[in-house]
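# Geometric and topological summary
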Amino acid sequence: IVKMELGENRFGPRTCKSLGDSLLVNDTLKYVSLESNPLVIEGDMSGIVALGEMLTVNSSLVHISFWRCKIGSKGGETIANAVKQNCSLKCVEVGYCGFDDNQTRQVNETLKANIGKERVKKEINEQLKRESNEQNDLKKKHFEAEEKSQKLAKWLDEQKIKRADQRIVDTENAAAEEEEAESRRQEEEKRQIEK
């Protein structure tokens, strides 16, 4: 599960606390909506405290919605401080929750910083990927050049051996022709003498 839509379920502090406790160890959930749930009832902040603790350690969540949850400024302080410690969140909906302006600003600034860090991280990863691809291309070109050089050296050696073999054959043929010519000359002389 990567997305949970839990809006308008009348979740109170107890359910909110259970959810917060379970998300402490969850590393797959990306999106949670708690819209329009009474997360704080009669000053019971146990659910908000549990969600705050979860937000300080959970690194998979990128979106959480508290829209119209009537958390109030005390709960807003808990959530704003927790969001400040979270590097993965990109969106936290806090409209109509009773957050004061400073808490809303703090949440927004943290989210902007997280988005900026993510952008920089993405750019760095893309740069590293490009550099890795360039290195792989250079290695491939070097390997291909080395392979080509080795093939050329092997071909040159083969040609050298062929030329040496051909010289031996040519020398042997020339010697045989010379010997045959000498033999014919001697026979011609012999015939001349016999005449």
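One can find the structure itself at the top, above this paragraph.
Nothing here was measured: the structure is a model prediction, and the numbers come from that model.

### So, the environment of asparagine 102
Take asparagine 102: it is sitting in helix α4 (residues 101–194). Taking the C-alpha atoms as reference points, asparagine 102 and serine 73, 29 residues apart in sequence, are found 9.9 Å from one another.

### What to know about the packing of aromatic side chains
All chains considered together, the criterion is met by one aromatic pair. Looking at lysine 3, its charged tip hangs above the ring of tyrosine 31, at a distance of 4.8 Å from the centre.

### Considerations on the sheet that holds strand β2 (residues 31–33)
Note on sheets: strands pair through backbone hydrogen bonds, and any given pair is parallel or antiparallel. Across the sheet, which stays open at both edges, the four strands sit in the order β1-β2-β3-β4 with parallel pairing between neighbours. Bordering the open sheet on either side are β1 (3–5) and β4 (91–93), each of which pairs with just one other strand. Adjacent strand axes in the sheet meet at a mean angle of 5°, parallel and antiparallel pairs treated alike. Pairing of β1 with β2 involves three bridges; the strand directions are parallel. Residue pairing across strands places lysine 3 opposite tyrosine 31, the latter belonging to β2.

### Points about the environment of glycine 75
You can see glycine 75 is positioned in helix α3 (residues 72–84). Residue classification places glycine 75 among the buried residues on the basis of a relative accessible area of 0%. Taking the C-alpha atoms as reference points, glycine 75 and lysine 112, 37 residues apart in sequence, are found 21 Å from one another. In this structure glycine 75 touches Met45 and Ile48, once residues within four positions along its chain are discounted.

### Notes on the pattern of salt bridges
All told, the structure shown has seven salt bridges when counted by the stated rule. Note that arginine 185 is salt-bridged to glutamate 182, the shortest N-O span being 2.1 Å. With arginine 185 and glutamate 182 both in helix α4, this residue pair falls three residues apart, about one helical turn. Using a relative accessible area of 40% as the deciding quantity, one classes arginine 185 as partly exposed. According to the relative accessible area criterion, glutamate 182 is partly exposed, its value standing at 30%.

Analysis parameters
Residues numbered from 1 in each chain as written. Predicted model: local features only at pLDDT ≥ 70, side-chain atom pairs only at ≥ 80, totals over all residues. Heavy atoms only, no water. Helix = DSSP H or I, 4+ residues; strand = E, 2+ residues; numbered from the N terminus. Phe/Tyr/Trp six-rings, centres within 6.5 Å; stacked < 30°, edge-to-face > 60°. Lys NZ or Arg CZ within 6 Å of the ring centre and 35° of its normal. Pairing = 2+ DSSP bridges. Axes fitted to C-alpha atoms, helices over the stretch in contact; angles between N-to-C directions. Buried < 20%, exposed > 50% of the residue type's maximum accessible area, 1.4 Å probe, protein only. Contact = heavy atoms within 4.5 Å. Salt bridge = Lys/Arg side-chain N within 4 Å of Asp/Glu carboxyl O.

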